[in-house]
Amino acid sequence: MLIGVPKEIYPGETRVALIPTGIQELLNAGFDVIVEQDAGEGAHFSDEEYRTCGASIAPNAKSLYEQADIVIKVRQPLEDEVELIKEGTTLICMLDAWFNLPLVQKLAERKIRSFALEFIPRTTRAQSMDVLSSMGAISGYRSVLTGAMELPQYFPMLMTAAGTIHPAKVFIIGAGVAGLMAISTARRLGAVVEAYDTRTEVREQVESLGAKFVEFDLETEEGTNSGGYATEKSEEFYRKQREQMQQKVSQADLVITTAAIPGKQSPRLITKEMLHYMKKGSVIVDLAAERGGNVEGTVAGHKEYIDGVTIIGYTDHPGRVPVHASQLLTKNVSTFLLNMAAEGELNIDMEDDIVAATLVTEDGEVKHEGLKAQLE
Ligand code: NAD
């Protein structure tokens, strides 16, 4: 079967789903690979490198989609791209399916078999396919660098002849993959770091990275739900959380918010009123910006100034590290694909929990139970 890698056309997207060094593994498994011209440009991989590593080059998207049996992508296809995908194609990408229901419907209607990589279970066996972890870690890393660059002050403690500089205080809300990477990055830069998560089971991980786990008088989540994710709380819970976090937020120089609930809008954890009590010149990096943001005033994709506080709502942190983001995606996507491969063909085994969790559409139907319920 022929695996096709199109050039991403999502605005601002720099990543590519397969880098040249990932091709050989797919060839060894009996597949052929075709890459759209300039697909690797944003991540600094040339057509020449793809050719040298064994791929052929399609001159444009139309030609690629006409030929490919399996399409691997970073982002969900946009409307123009869906039209190009031929019936019977297998599409593997981050579909962002909960928030793209009309697209899911359309993929089903067009008889495209689609897999959503964001549904890969957070299990040990699936770890090397886990795009959310790969990309979350980059977001956590970049959030600190972006915040540090925006701060009008030093990050580390310094004792100079001209006086002592106190280290920056960083408060991180949500200690999942991104939050933990943000903690370690901020610590390496010399900040004093505190973190909070509704899942108290992360305390040990937070502390092992040299940060303080902050306790609030709030209901906690031991054990959490099946996927290890946080569950949605009541508005009363969030009100109490905001009230109790106020002091930590107002003492911080940099706040990084990462609180997310899968498939839902992100909880509002910092209000405009709370911004008023923050230090002038302080910075918030809101990693939940794409889902409405944890901060009132966040604008997805932008930097805002409110009441002396800079609020960064960039949604393309992984795309700002396109080389390594693409390298990690290559490993994630290839491992996912090869898990279903047998001698250059696909063998869709619904007994496999990874396949069952990620299959979204097939044979003209929406197969994912949760999405099907949403569409009814
Ligand atoms: P996520 O992006 O869904 O959420 C980020 C963090 O925000 C989570 O830690 C969540 O608990 C926290 N959060 C939600 N609401 C909050 C609130 N009101 N206040 C403070 N924090 C709040 O999470 P993620 O980083 O994708 O990780 C989800 C889970 O998956 C974690 O349990 C993680 O350890 C687990 N995981 C497992 C594996 C594996 O076993 N292979 C790999 C990666 C992640």
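Structural data are supplied above this passage.
An account of the accompanying structure is given in this report. Throughout, a residue's number is its position along its own chain's written sequence, starting from 1. Where local features are concerned, this predicted model is filtered to residues with pLDDT of at least 70; where side-chain atom pairs are given and counted, the filter is 80 or more; whole-chain, interface and lining totals use all residues.

**Describing the sheet that holds strand 10 (residues 192-196)**
At step 1: Strand pairing follows a simple DSSP-based rule, namely that at least 2 bridges must link the two strands. Counting from the N terminus, the helices are the DSSP runs of H or I reaching at least four residues and the strands are the DSSP runs of E reaching at least two. With respect to topology, seven strands assemble into an open sheet ordered 11-10-9-12-13-15-14, the strand pairing being mixed. Here the strands that pair on one side only, and so sit at the sheet edges, are strand 11 (212-213) and strand 14 (303-306).
At step 2: In terms of strand pairing, strand 10 meets strand 11 through two bridges, oriented parallel. Its bridge partner being in strand 11, Glu194 is matched across the sheet by Lys212.

**Remarks on the nonpolar core**
At step 1: The biggest cluster of nonpolar side chains holds 109 residues, and the ones touching the most others in it are Ile72, Ile92, Val170, Ile172 and Ile183.
At step 2: What counts as a contact here is a pair of residues whose C-beta atoms, placed from the backbone, lie within 7 Å. Once residues within four sequence positions are removed from consideration, Ile172 is found in contact with Gly179, Ala182, Ile183, Val193, Ala195 and Ile256. The term nonpolar core refers to a set of buried Ala, Val, Leu, Ile, Met, Phe, Trp, Tyr and Cys residues connected through C-beta atoms within 7 Å. The burial label depends on the number of other C-beta atoms within 10 Å of a residue's C-beta. Counts of 20 or more mean buried, 12 or fewer mean exposed, and intermediate counts mean partly exposed, with C-beta atoms placed from the backbone.

**Observations regarding the site of the ligand**
At step 1: Every one of the 30 residues lining the ligand counts as a neighbour, but Arg122, Gly174, Gly176, Gly228 and Ala230 are closest to it.
At step 2: Of all the elements in the fold, those that place two or more residues in the shell around the ligand are helix 6 (131-150) and helix 7 (177-188).
At step 3: Note that Gly is not counted as nonpolar here; it falls among the polar residues with everything else outside the nonpolar set of Ala, Val, Leu, Ile, Met, Phe, Trp, Tyr, Cys and Pro and the charged set of Asp, Glu, Lys and Arg. Among the residues forming the shell around the ligand, the class breakdown is 14 nonpolar, 12 polar and four charged. The criterion for a residue being near a molecule or strand is a backbone-placed C-beta atom within 6 Å of that molecule or strand.

**Some remarks on helix 6**
Because an α-helix packs 3.6 residues into every turn, residues spaced three or four apart end up facing the same way.
At step 1: Multiplying 1.5 Å by the residue count of a helix minus one yields the expected span of that helix. Under the 1.5 Å per step criterion, the end-to-end length of helix 6 is 28 Å for 20 residues, consistent within 8% with the ideal 28 Å.
At step 2: The element helix 6 is largely enclosed, with a buried count of 15 among its 20 residues.

**Some remarks on the packing of helix 6 against helix 7**
At step 1: Each axis is a line fitted through C-alpha atoms, and for a helix only the stretch in contact is used; angles between axes span 0 to 180 degrees, taken between their N-to-C directions. At their nearest, the axes of helix 6 and helix 7 sit 7 Å apart, and the two run at 40° to each other. In this structure, helix 6 crosses over helix 7, and the sense of that crossing is right-handed. On the side of helix 6, the interface is formed by Ser133, Gly136, Ala137, Ser139, Gly140, Tyr141, Ser143 and Val144, while helix 7 contributes Val177, Ala178, Gly179, Leu180, Met181, Ala182, Thr185 and Ala186.
At step 2: When the residues that make up the contact of helix 6 with helix 7 are grouped by side-chain class, the tally is nine nonpolar, seven polar and no charged. Crossing handedness follows the turn of the near helix against the far one: under a right angle anticlockwise gives a left-handed crossing, and clockwise gives a right-handed one.

**Describing helix 9 (residues 235-251)**
At step 1: Taking 1.5 Å of rise per residue, the 17 residues of helix 9 would be expected to cover 24 Å, and the 25 Å separating its terminal C-alpha atoms lies within 8% of that figure.
At step 2: On its buried face, helix 9 is in contact with strand 9 (169-173), strand 12 (254-257) and helix 10 (272-276).

**With respect to the sheet that holds strand 1 (residues 2-5)**
At step 1: Spatially, the eight strands line up as an open sheet ordered 3-2-1-4-5-6-18-19, and their pairing is mixed. Two strands lie at the open edges of the sheet, namely strand 3 (56-58) and strand 19 (365-366), each paired on one side alone.
At step 2: Seen against the sheet, helix 5 (residues 101-109) touches strand 5 (90-94), strand 6 (113-116), strand 18 (359-362) and strand 19 and runs at an angle of roughly 40° to strand 18.

**Digging into the pairing of strand 14**
At step 1: Pairing between strand 14 and strand 15 (residues 309-312): four bridges, direction antiparallel. Note that in strand 15 the partner of Tyr305 across the bridge is Thr310.
At step 2: Connecting the antiparallel pair strand 14 and strand 15 is a turn made up of two residues, with Asp307 showing a positive phi of about 55°.

**A look at the environment of Pro6**
At step 1: With respect to the secondary-structure elements, Pro6 resides in the loop between strand 1 and helix 1 (23-28).
At step 2: Taking the C-alpha atoms as reference points, Pro6 and Lys279, 273 residues apart in sequence, are found 46 Å from one another.
At step 3: For Pro6, the residues in contact, after removing those within four places along its chain, are Glu36, Ala39, Ala61, Leu64, Val71 and Lys73.

**Some words on the pairing of strand 13 (residues 283-286)**
The side chains of a regular strand alternate between both faces of the sheet.
At step 1: Alternating residues of strand 13 divide into Val283 and Val285 and Ile284 and Asp286, and every residue in both groups is buried.
At step 2: Where strand 12 lies against strand 13, four bridges are found, and the strand directions are parallel. Paired with Thr257 across the strands is Asp286, a residue of strand 13.
At step 3: Across three bridges, the pairing between strand 13 and strand 15 is parallel. Paired with Val283 across the bridge in strand 15 is Thr310.

**Considering the environment of Glu194**
At step 1: With respect to the helices and strands, the residue Glu194 is situated in strand 10.
At step 2: Note on Glu194: 19 C-beta atoms within 10 Å, which makes it partly exposed.
At step 3: A sequence separation of 17 residues divides Glu194 from Ala211, and the C-alpha atoms of the two residues are 5.3 Å apart.
At step 4: In this view, Glu194 contacts Phe171, Ala211, Lys212, Val214 and Lys248; residues no more than four positions away in its chain are not counted.

**Some words on the packing of helix 6 against helix 11 (residues 322-338)**
At step 1: For the pair helix 6 and helix 11, interaxial distance at closest approach is 9 Å and the crossing angle is 170°. On the basis of their axis angle, the class for helix 6 and helix 11 is roughly antiparallel. For the crossing formed where helix 6 meets helix 11, the hand is right-handed. Touching Val131, Ser134, Met135 and Ile138 of helix 6 are Ala325, Leu328, Leu329 and Asn332, all from helix 11.
At step 2: Classifying every residue of the contact of helix 6 with helix 11 by side-chain character gives six nonpolar, two polar and no charged. For classification purposes, an angle smaller than 35 degrees is called roughly parallel, one larger than 145 roughly antiparallel, one from 65 to 115 roughly perpendicular, and anything else oblique.

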